[in-house]
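Close look at the chain arrangement
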Amino acid sequence: MKRLFIRFITAFIPGKKRRKKYRRRWMLDCPRRPTMLENIKLTQEWSIDAAAMPKAGGLARVIQLLELDILVEIDRICRKHGLRYWLDYGTLLGAVRHKGFIPWDDDVDISMPYEDARKFAEIAPKELKGDYVYFKPPGFFGRVMNRAFALNTEKEFCETYQEGNRVKNFFHVDIFPLYYLKEDITEAEAQAAISEGIVKKNEKKLYEDERSFAAWERIEKYMQEELEKPLVSEIETSRMFMSLECTVQPKPRIYRVKDIFPLREIEFEGLSFYAPHNTEVWLWYCFGEYWKPIVMPSHNSVMNMKIDEVERLVEWGRAHGCL
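As a convention, each chain's residues are numbered from 1 in the sequence order in which they are written. Where totals are concerned, whole chains, interfaces and linings use all residues; where local detail is concerned, this predicted model gives features only for residues with pLDDT of at least 70, and gives and counts side-chain atom pairs only at 80 or more. Hydrogens and water molecules were not included; the side-chain quantities draw on all heavy atoms of the structure.

Structural notes on the overall build of the protein
The helix and strand inventory of the protein stands at twelve helices and nine strands. Burial status follows relative accessibility: with a 1.4 Å probe on protein chains alone, a residue under 20% of its type maximum counts as buried, one over 50% as exposed, and anything between as partly exposed. When each of the 323 residues of the protein is scored for burial, the buried share is 47%. The contact criterion used throughout is that any non-hydrogen atoms of two residues lie within 4.5 Å. In the protein, of all internal contacts separated by at least 6 residues, the share reaching a separation of at least 24 is 68%. Each helix is a run of DSSP H or I of at least 4 residues and each strand a run of E of at least 2, with the numbering of both proceeding from the N terminus.

As structure tokens, this is what we get:
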């Protein structure tokens, strides 16, 4: 009825173009529009079998396989030195739902207990093959990158992260460190403290201007000594929380150790990697109804890649038989 009423009213507006303009404006401002969009989203989620979607192709697949190569190298080093890690976030979701990468995903995420991540940072520069480099700028979580696409200088890093602006693609594996939480701190208290820590960290970033490693070093020291130290347990406990280097959620998650350990093995792109013990519980905690085709924004600026980046990706893809 509303639509008919609007058509009737706009029929008296002179000029065909003006009538269409006002009808279109009403549709955009329509109070039912959010509900209509939500219904479309629900229809998509319930009618598409995400697990049956085909793998990525072209350069998107080259990026995925380049990152898989890095993951294989990390797995080798961790197994050799007895370091604990597990696939996490979209990578873990892809392992369960697709037996490999989510078709539209373009990065790899793993998590480690903080002590294991610290040891990996010491070992990796000596152990990594010539193609790869470990990069841990102050104030940020560690990454392993292909040298051909790495952030090679302090200037490149600061420009890339200035105001969250990705000015250079670096195809990589993210390493998220998790601390053990003190037993006498409740989940609500920990969430409140971490949320407050996120605010204070961001205020410190604005104050420090974050344009140099020296500034990031001061920010990292502030996070560790002032914000995280009161929460961190020196011994293993029943809960963990993610380092403020990588926590962004307004309501931070407190992880149950029994959902993580003992780790189990899971298939990913035909290979075997480690996953949390209660994998399905972990995914539900991260994504909710994780079998739905949840589409997240790209981590890389692949639509605006520079020509030299495209050339290097094509070269790598041809050399490894995936183009």
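Points about the packing of aromatic side chains
Only centres within 6.5 Å qualify two rings of Phe, Tyr or Trp (six-membered ring in Trp) as a pair; their planes then separate them into stacked at under 30 degrees, edge-to-face at over 60, and tilted for everything else. If you walk through the whole model with that rule in mind, you get 14 aromatic pairs. Ring plane angle 40° and centroid distance 5.0 Å describe the contact between Phe141 and Phe176, whose orientation is recorded as tilted. Of this pair, Phe141 sits in the loop between β3 (132-135) and β4 (142-146) while Phe176 sits in strand β5 (residues 172-180), placing them 35 residues apart in sequence. Neither residue differs from the other here; Phe141 and Phe176 are each classed as buried. Geometrically, the ring pair formed by Tyr255 and Tyr285 is edge-to-face, given 6.3 Å between the ring centres and 90° between the ring planes. Placement of Tyr255 in strand β7 (residues 254-256) and of Tyr285 in helix α11 (residues 279-287) is noted, with a sequence separation of 30 residues between them. On the basis of relative accessible area, Tyr285 is assigned to the partly exposed category, the value being 36%. Each residue in the set Trp86, Tyr255, Phe261, Trp282 and Tyr285 is aromatic and connected to the rest through ring pairs, giving one cluster. Note on geometry: a ring has a charge over it if NZ (lysine) or CZ (arginine) is within 6 Å of the ring centre and within 35 degrees of the ring normal. Stacked on the ring of Tyr222, the Lys or Arg Lys204 has its end atom at 5.0 Å from the ring centre.

Notes on the pattern of salt bridges
For this document, the term salt bridge refers to a Lys or Arg side-chain nitrogen within 4 Å of an Asp or Glu carboxyl oxygen. Considering all chains together, one arrives at 19 salt bridges under this definition. Lys136 is the salt-bridge partner of Glu220, the closest N and O atoms lying 2.8 Å from each other. With Glu220 in helix α9 (residues 213-228) and Lys136 in the loop between β3 and β4, this residue pair connects regions lying 84 residues apart in the sequence. Judged by relative accessible area, which is 31%, Lys136 ranks as partly exposed. In this structure, Arg143 and Asp174 form a salt bridge, with 2.6 Å as the shortest nitrogen-oxygen distance. One end of the pair, Arg143, is in strand β4; the other, Asp174, is in strand β5, and 31 residues separate them in sequence.

Some remarks on the nonpolar core
Ranked by internal contacts, the top residues of the largest apolar core, which has 57 residues, are Leu87, Ile110, Phe120 and Val144. Ranked by residues supplied to this core, first place goes to helix α4 (residues 58-81) with nine residues. Apart from residues lying up to four places away in sequence, Leu87 is in contact with Leu71, Leu92, Ala95, Asp109, Ile110, Ile266, Phe268, Phe273, Tyr274, Ala275 and Pro276. By size, the runner-up hydrophobic cluster in this structure holds 24 residues, among which are Cys158, Ile198, Val232 and Ile254. Working definition of a nonpolar core: buried Ala, Val, Leu, Ile, Met, Phe, Trp, Tyr and Cys residues. They are joined through side-chain atoms within 4.5 Å.

Section: the packing of helix α5 (residues 89-98) against α11
Pairs of packed helices are described in terms of their axes, by the angle between the two and the distance that separates them. All axes here are fitted lines through C-alpha atoms, helices being fitted over the stretch that makes contact, and every angle between N-to-C directions spans 0 to 180 degrees. Axis separation between α5 and α11 bottoms out at 10 Å; the angle between their running directions is 130°. The angle between α5 and α11 places the two elements in the oblique class. Of the two possible hands of crossing, α5 and α11 adopt the one that is left-handed. Across from Tyr89, Gly90, Leu92, Leu93 and Val96 in α5, the residues of α11 making contact are Thr279, Trp282, Leu283, Cys286 and Phe287. Throughout, the term roughly parallel applies to angles under 35 degrees, roughly antiparallel to angles over 145, roughly perpendicular to angles from 65 to 115, and oblique to all others. Each helix crossing is assigned a hand: it is left-handed if the near helix lies turned anticlockwise from the far helix by less than a right angle, otherwise right-handed if that turn is clockwise.

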